[in-house]
Amino acid sequence: MSYENALQRYIHATNTHQFENVKQLLHPNAVYWFSDQTCKTTYEIQNYFGKSWDAIKDEVYSISDVHWLVTEENTATCIYTYHYEGVLNGKFVSGSGRATNVFVKVNEEEWKIIHEHLSSL
């Protein structure tokens, strides 16, 4: 699997709304920076995802304008625009923001996310 495939698998896993699918793609030392919270453990990341999925029903998450800033043998960093849409308090909502993902190669066939930084526009 390439780092590009790892990113696509991550987006797909996010849209399953099942954290176990997302967790498979996370490095054990992953740190997430959200606009309103820093998550330094897998447990904290899981809770944040769960709260988001509970708040925005039927959320669909997508990305665009992916730009790979650094691609080396064991690390890759990309920036992109994220988009979401779903139902919040019975009303359709949508929005977007900026993201940074850092991937590390953990073995010959596997890349994992060690950092994500999301900020809303």
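Residues numbered from 1 in each chain as written. Predicted model: local features only at pLDDT ≥ 70, side-chain atom pairs only at ≥ 80, totals over all residues. Heavy atoms only, no water.

Draft legend 1. Spotlight on the overall build of the chain. For the chain, the helix and strand inventory stands at three helices and six strands. Start at the N end of the chain and walk to the C end: the helices and strands fall as α-α-β-β-α-β-β-β-β. The globule rule puts the C-alpha radius of gyration for 121 residues at 14 Å, and the 14 Å found for the chain is close to it. In terms of principal-axis extent, the alpha carbons of the chain reach across some 45 × 30 × 25 Å. Within the chain, the proportion of its 121 residues that are buried is 36%. Contacts in the chain between residues far apart in sequence, at least 24 positions, make up 49% of those at least 6 positions apart. (Helix = DSSP H or I, 4+ residues; strand = E, 2+ residues; numbered from the N terminus. Rg over C-alpha atoms; globule rule 2.2 N^0.38 Å. Buried < 20%, exposed > 50% of the residue type's maximum accessible area, 1.4 Å probe, protein only. Contact = heavy atoms within 4.5 Å.)

Draft legend 2. Main features of the pairing of strand β5 (residues 91-107). Both strand β4 (residues 75-88) and β5 contribute to a ladder of 14 bridges, which runs antiparallel. Within β5, the position partnered with Y80 by the bridge is A99. Here β4 hands over to β5 after two residues, with N89 in that stretch at a positive phi of 50°. Relative to strand β6 (residues 110-120), β5 runs antiparallel, the two being bridged by 10 bridges. Across the sheet, A99 pairs through a bridge with L118, a residue of β6. (Pairing = 2+ DSSP bridges.)

Draft legend 3. Seen up close, helix α1 (residues 3-16). Here α1 contains 14 residues, and its C-alpha end-to-end distance of 20 Å stays within 8% of the 20 Å for a straight helix at 1.5 Å per residue. Listed in full, the buried residues belonging to α1 are Y3, A6, L7, Y10, I11, A13 and T14. Buried residues along α1 cover an arc of 165° about the axis, so they all sit on one side. Looking one or two residues past α1, H17 carries a phi angle of roughly 60°, positive in sign. (Expected span 1.5 Å × (residues − 1). Arc of directions from axis to C-beta.)

Draft legend 4. Structural detail: the packing of aromatic side chains. Counted according to the given criterion, the structure contains nine aromatic pairs. Between F49 and W53, the aromatic rings sit 5.3 Å apart at their centres with planes inclined by 70°, giving edge-to-face as the arrangement. Of this pair, F49 and W53 both sit in helix α3 (residues 42-55), four residues apart, roughly one helical turn. By relative accessible area, W53 is classed as buried at 11%. For the ring pair W68 and F103, a centre distance of 5.9 Å and an interplane angle of 50° mean the geometry is tilted. Note that W68 is positioned in strand β3 (residues 56-71) and F103 in strand β5, a separation of 35 residues in sequence. The exposure class of F103 is buried, given its relative accessible area of 1%. Here a set of aromatic residues connected by ring pairs shows up, and it is made of F19, Y32, F34, Y48, F49 and W53. (Phe/Tyr/Trp six-rings, centres within 6.5 Å; stacked < 30°, edge-to-face > 60°.)

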